[in-house]
Amino acid sequence: MSSFERKFGKYAIKNLSFILVLCYAAGYLLQLLDSSNTLIYYLTLNPYAILHGQVWRLVTWILIPPSSGGIFFTLIMLYFYCSIGTTLERTWGTYRYNVYIFGGMLFTIAGSFLLMGYCYLFQAQEIAAYTPELFFTAVSTVFSTYYINMSIFLGFAATFPDAQVLLMFIIPIKIKWLGIIYGIMLAYEFLAYNVYYKFAIVASLLNFIVFFVTSRNMMHLNPKQIHRRQEFKRDMRRSTGITKHKCAICGRTEVDSPNMQFRFCSKCDGNYEYCEEHLYTHTHIKRS
């Protein structure tokens, strides 16, 4: 467990995939009710509008769902992404899955602002011809949750390459082959589409790239193998007597009390760690 996870892990949102699916469902409902898409254009990730006071767009673009082929396929898609996302959360842990999803969203937001800077540098004439408001309203539609969903699927394919799905509900196929196909599709879209989509693709998939680079040792492991690896590390720490946490007052460690929380005291001079029972009751250590 990293220091960031110890500090911020308690704020991780559980069942994040289910919440995302609810956002998509709300977005589809808005599209049905607003056939002219007038309201949708007020929700897109438009950096120009954000800088002019419409800050809600930093969040509301998540409501704009990927395109679908009807109600039936929409329901199948929502169920599929909810299922694989929930599996990833259970395998990686809630905190790590939160970092993965929100990292993709933050990269996407950053990508939209970088694209705006690019447009002002290299497409100033086009912006002047259409006015900045109309130009960036049109450009903002390339940033959606489509590539965020793609990063979830690629993360699942990298973690469970031998898992099988039924293609067209009939043909069994390993998820790694679908991942390769989607990777080829993304490469084609990056090469064939305009520069706006290039920014959207790279920004939305940076979280997967970071995951792939930093988590290669966790790939090709199923949940049982990951659990056994964690149990093995715990057993090794117990047998060697090496622990990560130790209370400076009572000497208890995470081996003695697996459910005990340990924290460092910011008021003590030095790196003194205390269990939850002595964190607020100990006498602060001060250097003379």
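Above this text is the structure in question.
Treat the numbers as computed from the prediction; the structure is a model and nothing was measured. (Residues numbered from 1 in each chain as written. Predicted model: local features only at pLDDT ≥ 70, side-chain atom pairs only at ≥ 80, totals over all residues. Heavy atoms only, no water.)

1. Description of the packing of helix H9 (residues 146-159) against helix H11 (residues 195-214)
Angle between the axes and distance between the axes: these two values describe a pair of packed helices. Stated precisely, the cut-off is as follows: To get an axis, fit a line to the C-alpha atoms, keeping to the stretch in contact for a helix; angles then go from 0 to 180 degrees between the N-to-C directions. Secondary structure elements are defined from DSSP: runs of H or I of at least 4 residues count as helices, runs of E of at least 2 residues count as strands, and each element is numbered from the N terminus. What sets the label is the angle itself: under 35 degrees gives roughly parallel, over 145 gives roughly antiparallel, 65 to 115 gives roughly perpendicular, and the rest give oblique. What makes a crossing left-handed is the near helix being turned counterclockwise from the far one by less than a right angle; a clockwise turn instead makes it right-handed. We call two residues contacting when some pair of their heavy atoms lies within 4.5 Å.
Contact pair H9 / H11: the axes reach a minimum separation of 9 Å and the direction vectors enclose 30 degrees. By the criterion of interaxial angle, the relationship of H9 to H11 is roughly parallel. H11 is crossed by H9, and the crossing has right-handed handedness. Of H11, the residues touching H9 (which contributes Tyr-147, Ile-148, Met-150, Ser-151, Leu-154, Gly-155, Ala-158 and Thr-159) are Tyr-197, Ala-200, Ile-201, Ser-204, Leu-205, Asn-207, Phe-208 and Phe-211.

2. As for the environment of Glu-277
Turning to its location among the elements, Glu-277 is positioned in the segment after strand S4 (273-275). Separated by 28 residues in sequence, Glu-277 and Ile-249 have C-alpha atoms that sit 9.7 Å apart. Setting aside residues up to four positions removed in sequence, Glu-277 forms contacts with Arg-252 and Met-260.

3. Some thoughts on the pattern of salt bridges
Oppositely charged side chains may form a pair once their charged atoms are brought near each other. Stated formally: What counts as a salt bridge is simple: a side-chain nitrogen of Lys or Arg found within 4 Å of a carboxyl oxygen of Asp or Glu.
If you walk through the whole model with that rule in mind, you get two salt bridges. Between Asp-162 and Lys-174 there is a salt bridge, with its nearest N and O atoms 3.8 Å apart. With a gap of 12 residues between them, Asp-162 in the loop between H9 and strand S1 (164-167) and Lys-174 in strand S2 (residues 171-174) connect regions that are remote in the sequence. Across the salt bridge formed by Asp-162 and Lys-176, the nearest N and O atoms sit 3.8 Å from each other. A residue pair is termed long-range when its members are at least 10 positions apart, and Asp-162 in the loop between H9 and S1 and Lys-176 in helix H10 (residues 175-192) qualify at 14 residues. Salt bridges sharing common partners tie together Asp-162, Lys-174 and Lys-176.

4. Examining a nonpolar patch on the surface
Rules: By definition, no residue in a patch forms a salt bridge, and every one has over 30% relative accessible area; like charges are joined within 9 Å, nonpolar side chains (Val, Leu, Ile, Met, Phe, Trp, Tyr) within 5 Å. Only the protein chains shown count as covering a residue, and every accessible area follows the Shrake-Rupley method with a 1.4 Å probe. Categorising residues by exposure relies on relative accessible area from a 1.4 Å probe, with only protein chains included: less than 20% of the type maximum marks a residue as buried, more than 50% marks it as exposed, and the intermediate range marks it as partly exposed.
There is a patch of nonpolar side chains on the surface, built from Phe-4, Phe-8 and Tyr-11 and spanning about 370 Å² of accessible area. Within the element layout of this structure, Phe-4 appears in helix H1 (residues 3-8). Since its relative accessible area comes to 54%, Phe-4 is described here as exposed.

5. Topic: the packing of helix H2 (residues 16-33) against helix H5 (residues 71-92)
What counts is decided by this rule: Residues are grouped as follows: Ala, Val, Leu, Ile, Met, Phe, Trp, Tyr, Cys and Pro are nonpolar; Asp, Glu, Lys and Arg are charged; all remaining types, including Gly, are polar.
Between H2 and H5, whose axes approach to 8 Å, the crossing angle comes to 160 degrees. By the angle between their axes, H2 is roughly antiparallel relative to H5. Read as a crossing pair, H2 and H5 show a hand that is right-handed. Residue-level inspection shows Leu-16, Ser-17, Phe-18, Val-21, Tyr-24 and Tyr-28 of H2 in contact with H5, the latter providing Thr-74, Met-77, Leu-78, Tyr-81, Cys-82, Gly-85, Thr-86 and Glu-89. Residues that form the contact of H2 with H5 fall into these classes: nine nonpolar, four polar and one charged.

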